[in-house]
Amino acid sequence: VEWAFGACDFGTGVYYSRPGENSAFIHRGVLDLGPCALDADAVDAKVSELATQWPGGGYHVLDRNCNHFADDLCAALGVPKGPRRIN
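First, a word on what this report is: a plain description of the structure on this page. (Residues numbered from 1 in each chain as written. Predicted model: local features only at pLDDT ≥ 70, side-chain atom pairs only at ≥ 80, totals over all residues. Heavy atoms only, no water.)

## Quick look at the packing of helix H1 (residues 40–53) against helix H2 (residues 66–77)
Definition in use: Lines fitted to C-alpha atoms define the axes, with helix axes restricted to the stretch in contact, and inter-axis angles between N-to-C directions lie between 0 and 180 degrees. Strands are runs of DSSP state E lasting at least 2 residues, helices are runs of H or I lasting at least 4, and numbering of each runs from the N terminus. Oblique is the label for any angle not under 35 degrees, not over 145, and not in the 65 to 115 range, which are roughly parallel, roughly antiparallel and roughly perpendicular in turn. Working rule for handedness: look at the near helix, and if it is turned counterclockwise from the far one by less than a right angle, call the crossing left-handed; if clockwise, right-handed. The contact criterion used is simple: two residues touch if any of their non-hydrogen atoms lie within 4.5 Å. Asp, Glu, Lys and Arg are counted as charged, while Ala, Val, Leu, Ile, Met, Phe, Trp, Tyr, Cys and Pro are counted as nonpolar; the rest, among them Gly, fall into the polar class.
Axis separation between H1 and H2 bottoms out at 10 Å; the angle between their running directions is 140 degrees. It follows that H1 is oblique to H2 by the angle criterion. Judged by the sense of rotation from one axis to the other, the crossing of H1 with H2 is right-handed. Taking contact as the criterion, the partners of Val43, Lys46, Val47 and Leu50 in H1 are, on H2, Phe69, Asp72, Leu73, Ala76 and Leu77. Taken together, the residues of the contact of H1 with H2 sort by class into seven nonpolar, no polar and two charged.

## Brief notes about the nonpolar core
To be explicit about the condition: In this description, a nonpolar core means a group of buried Ala, Val, Leu, Ile, Met, Phe, Trp, Tyr and Cys residues linked to one another through side-chain atoms lying within 4.5 Å. To sort residues, take the accessible area from a 1.4 Å probe on protein chains only and compare it with the maximum for the residue type: under 20% means buried, over 50% means exposed, and anything in between is partly exposed.
Core analysis: the largest hydrophobic core is formed by twelve residues, namely Phe5, Val14, Val43, Val47, Leu50, Ala51, Trp54, Phe69, Leu73, Cys74, Leu77 and Val79. Elements with a contribution of two residues or more to this core: H1 and H2.

## Thoughts on the layout of surface pockets
Stated precisely, the cut-off is as follows: The distinction between a cavity and a pocket rests on a 1 Å grid over the protein atoms alone: a 1.4 Å probe fits inside a cavity but cannot get out, while a pocket stays open yet meets protein on both sides within 12 Å along at least five of seven lines, and a residue with an atom within 4 Å of a point counts as lining. Grid points are joined across faces, edges and corners, and a volume is the space filled by probe spheres set on the points.
Quantified by volume, the largest pocket comes out at close to 1400 Å³. Among the elements of the structure, strand S1 (2–5), H1 and H2 are those that each provide at least two residues to the lining of the largest pocket. Per element, the largest residue contribution to the lining of the largest pocket is eight residues, and it comes from H2. Residues that form the lining of the largest pocket fall into these classes: 20 nonpolar, seven polar and five charged.

## A few points about H2
The cut-off we apply is this: To estimate how far a helix should extend, the number of its residues minus one is multiplied by 1.5 Å. Polar contacts here mean pairs of N or O atoms no more than 3.5 Å apart (in protein, one a potential hydrogen donor and the other a potential acceptor; neighbouring residues in sequence count only if both atoms are side-chain atoms).
Given a rise of 1.5 Å per residue, twelve residues ought to cover 16 Å, and the 16 Å separating the end C-alpha atoms of H2 matches this to within 8%. Along H2, the positions that sit buried rather than exposed are Asn67, Phe69, Asp71, Leu73, Cys74 and Leu77. In this fold, the buried residues of H2 make contact with S1, strand S2 (14–17) and H1. The distance from a side-chain oxygen at the start of H2 to the backbone nitrogen of Asn67 is 2.8 Å, and the residue carrying that oxygen is Asn65. Just downstream of H2, Gly78 is the residue with a positive phi angle, here 75 degrees.

Have a look at this one:
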């Protein structure tokens, strides 16, 4: 599962797709951020918690975008952030 964040009129902006198959973006590659110590249920719980903090109406192209969400998700999962070059 690949998690993402985007703008929408109501509800959370957090959504998922199959890895590399999100039609809203051009897939350019995979970044290995190392292993996650959490099991699948714990990951789901972390994503559900983040989904409440990331409403789609709060999206801003420069200040609160998918890369900011990815940083928060990485922190919640206990893995390193992606490199700055992706933002």
